[in-house]
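# Survey of secondary and tertiary structure
One-letter residues, chain by chain:
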Amino acid sequence: MTKYLISFPSRAMVIPDEDLQTVSDASHAVVQEAKDAGVWVFGGGIDESVPPVMVDGHGTVTEGTYPQTQQLEGGYMVLELPSREAALEWAAKIAA
């Protein structure tokens with residue numbers, strides 16, 4: 001089994017207030033489905049109000065993030081799955 005990171009940016013989660021509860025319930029149902037299936041490892045969201053920093057092995061703190069990471073935002077989940085195809089199926093459930 002391989003661990004897959006499935007992420008979703010904040011801009012993909014702009015939801016009208018009247019739909020927020022329905023979308024929230026649906027997302028919690030997918031998380032519960034992943035837990036029930038035994039594939040859930042971890043998930044969460046990134047607090048975008050906290051600016052990112054880099055910390056090296058000596059404890060030196062540098063403002064910002066790695067050059068190849070333009071922006072950290074949104075949410076993510078880590079699932080342990082048997083194949084890339086399974087990861088894509090779960091990603092589609094999350095996107096819905």
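A brief report on the enclosed structure follows. Since we're looking at a predicted model, the values are computed, not measured.

A word on the layout of surface pockets. Estimates place the volume of the largest pocket at around 570 Å³. Elements represented by at least two residues in the lining of the largest pocket include exactly β1 (2-8), α1 (20-36) and α2 (84-95). The biggest single contributor to the lining of the largest pocket is α1, with eight residues.

What follows is about the environment of R11. Tracing the sequence through the fold places R11 in the loop between β1 and α1. Considered as a pair, R11 and E73 are 62 residues apart in the sequence and their alpha carbons are 9.0 Å apart.

Read across the sheet, three strands follow the order β1-β5-β2 without closing on themselves; strand pairing throughout is antiparallel. The sheet is open, and its two edges are formed by β1 and β2 (40-45), each paired on a single side. Recorded for the sheet is a direction-independent mean angle of 15 degrees between the axes of neighbouring strands. As defined by bridge partners, β2 adjoins strand β5 (residues 75-81) across five bridges and the pair is classed as antiparallel. Within β5, the residue paired with G45 across the bridge is G75. Lying over the sheet, α2 contacts β1 and β5, oriented at roughly 30 degrees with respect to β1.

The biggest cluster of nonpolar side chains holds 10 residues, and these are I6, V30, A34, V39, M77, L79, L81, A86, A87 and W90. Elements that contribute at least two residues to this core include exactly α1, β5 and α2. Those residues within four positions of I6 in sequence are excluded, and the remaining contacts are G75, Y76, M77, L79, A87, W90, A91 and I94.

Analysis parameters
- The residue count restarts for each chain, going from 1 along the sequence in the order it is written.
- Owing to the predicted nature of the model, reporting of local features is limited to residues with pLDDT of at least 70; listing and counting of side-chain atom pairs is limited to 80 or more, with chain, interface and lining totals taken over all residues.
- Hydrogens and water molecules were not included; the side-chain quantities draw on all heavy atoms of the structure.
- Computed over the protein atoms alone on a 1 Å grid, cavities are sets of points where a 1.4 Å probe fits but cannot get out and pockets are open sets with protein on both sides within 12 Å along at least five of seven lines; a residue lines them when it has an atom within 4 Å of a point.
- Grid points are joined across faces, edges and corners, and a volume is the space filled by probe spheres set on the points.
- The helix count covers DSSP runs of H or I at least four residues long, the strand count covers runs of E at least two residues long, and both are numbered beginning at the N terminus.
- Paired strands, as defined in this entry, are two strands with at least two bridges between them according to DSSP.
- Interaxial angle, 0 to 180 degrees, is taken between N-to-C directions of lines fitted to C-alpha atoms, where a helix line uses only the stretch in contact.
- Every residue pair with non-hydrogen atoms within 4.5 Å of one another is taken to be in contact.
- Each nonpolar core is a collection of buried residues, namely Ala, Val, Leu, Ile, Met, Phe, Trp, Tyr and Cys, held together in the definition by side-chain atoms within 4.5 Å.
- Remark: exposure states derive from per-residue accessible area (1.4 Å probe, protein chains only) relative to the maximum for the residue type, with buried under 20%, exposed over 50%, and partly exposed in between.

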